[in-house]
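Remarks on the overall topology
Chain residues, written in single-letter form:
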Amino acid sequence: MRRKMRKSFLLVIGALLLVMAGSATQSEAGINVNIGVNLPAVRFAAPPVVAVIPGTYVYMVPDIDVDVLFFQGYWWRPYEGHWYRSRDYKGSWRYIEPERVPRGLRALPRDYRHRLSPGYERIPHGEVQRNWRKWEKEKYWDRHADQGHGGHRNQGHEGHGDQKGRY
């Protein structure tokens, strides 16, 4: 009887170890797919350049078909009516509750992609990472709007007060 119990116990332990090993494998696979968030994958060959969206201090990655934004130290992705955030442009995207999405992102006009002027300034990844806080604090883009840096003010600050037609 004791031998049967020991054998049953070992079988149960073995089965548990197999289940745990299988779930560990699934967890590793999940990391490669944005930790269970079903966002379309975006791959960059190098850190992306960005452009400031006129009338804001939100930066977008131009020349791609996916919305990838940088704002206040985080990378953001609007997708299917929800917002996702990451510390890295490469991903590990996390869903953000609507009330936690910064006003600067919620107030973006839907057509922000089309507001860049033809000669907009391309800002290297490292430069925006080092300077975004200073630029925002010192209102850098407001002061440089009329110097050919993407028409920041020329295309207006309209729409920042209301939420109608926004993300």
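Quick caveat: nothing in here was measured; it's all calculated off a predicted structure. (Residues numbered from 1 in each chain as written. Predicted model: local features only at pLDDT ≥ 70, side-chain atom pairs only at ≥ 80, totals over all residues. Heavy atoms only, no water.)

**Topic: the packing of aromatic side chains**
Definition in use: Aromatic rings from Phe, Tyr and Trp, with only the six-membered ring used for Trp, were paired whenever their centres fell within 6.5 Å, and each pair was classed as stacked if the ring planes differed by under 30 degrees, edge-to-face if by over 60, and tilted otherwise. Labels follow the DSSP assignment, with helices taken as runs of H or I lasting at least four residues and strands as runs of E lasting at least two, numbered in each case from the N terminus. For the exposure calls, accessible area comes from a 1.4 Å probe over protein chains only, and a residue counts as buried if that area is under 20% of its type's maximum, exposed if over 50%, partly exposed in between.
Here the structure, examined in full by the defined rule, presents twelve aromatic pairs. On the basis of an interplanar angle of 75° and a centroid distance of 6.3 Å, the ring pair of phenylalanine 70 and tryptophan 132 is categorised as edge-to-face. In this pair, phenylalanine 70 sits in strand 3 (residues 69–71) while tryptophan 132 sits in helix 3 (residues 125–137), placing the two residues 62 residues apart along the sequence. Taking the centre distance of 5.5 Å and the plane angle of 70° together, the rings of tryptophan 135 and tryptophan 141 count as edge-to-face. Judged on exposure class, the residue tryptophan 135 and its partner tryptophan 141 are both buried. A network of ring pairs unites the aromatic residues Phe44, Tyr59, Phe70, Trp75, Tyr89, Trp132, Trp135, Tyr140 and Trp141 as a single cluster.

**Focus on the pairing of strand 5 (residues 82–86)**
Defined as follows: Pairs of strands are assigned from DSSP output, requiring at least two bridges between the strands.
Across five bridges, the pairing between strand 4 (residues 74–79) and strand 5 is antiparallel. Across the sheet, residue proline 78 finds its bridge partner in strand 5, namely tryptophan 83.

**A look at the side chain of histidine 125**
Cut-off, in case you're wondering: The contact definition used throughout considers only heavy atoms, calling two residues in contact when any of these lie within 4.5 Å.
Locating histidine 125 in the fold gives a position in helix 3. Apart from residues no more than four positions distant in its own chain, histidine 125 is found in contact with Pro47, Pro48, Val49, Trp75 and Tyr89.

**Overview of the pattern of salt bridges**
Here is the rule: We define a salt bridge as a contact between a side-chain nitrogen of Lys or Arg and a carboxyl oxygen of Asp or Glu at a distance within 4 Å.
In this structure the tally under the stated criterion is three salt bridges. With a closest N to O distance of 2.4 Å, aspartate 63 and arginine 122 form a salt bridge. Here the residue aspartate 63 occupies a position in the loop between strand 2 (59–60) and strand 3, and arginine 122 occupies one in the loop between helix 2 (103–106) and helix 3, the gap between them amounting to 59 residues. Measuring nitrogen to oxygen at the nearest pair gives 2.7 Å for the salt bridge that ties aspartate 67 to arginine 113. With aspartate 67 in the loop between strand 2 and strand 3 and arginine 113 in the loop between helix 2 and helix 3, the pair connects residues that are 46 residues apart, well separated along the chain. Looking at aspartate 67, the relative accessible area reads 16%, which means it is buried. According to the relative accessible area criterion, arginine 113 is partly exposed, its value standing at 28%.

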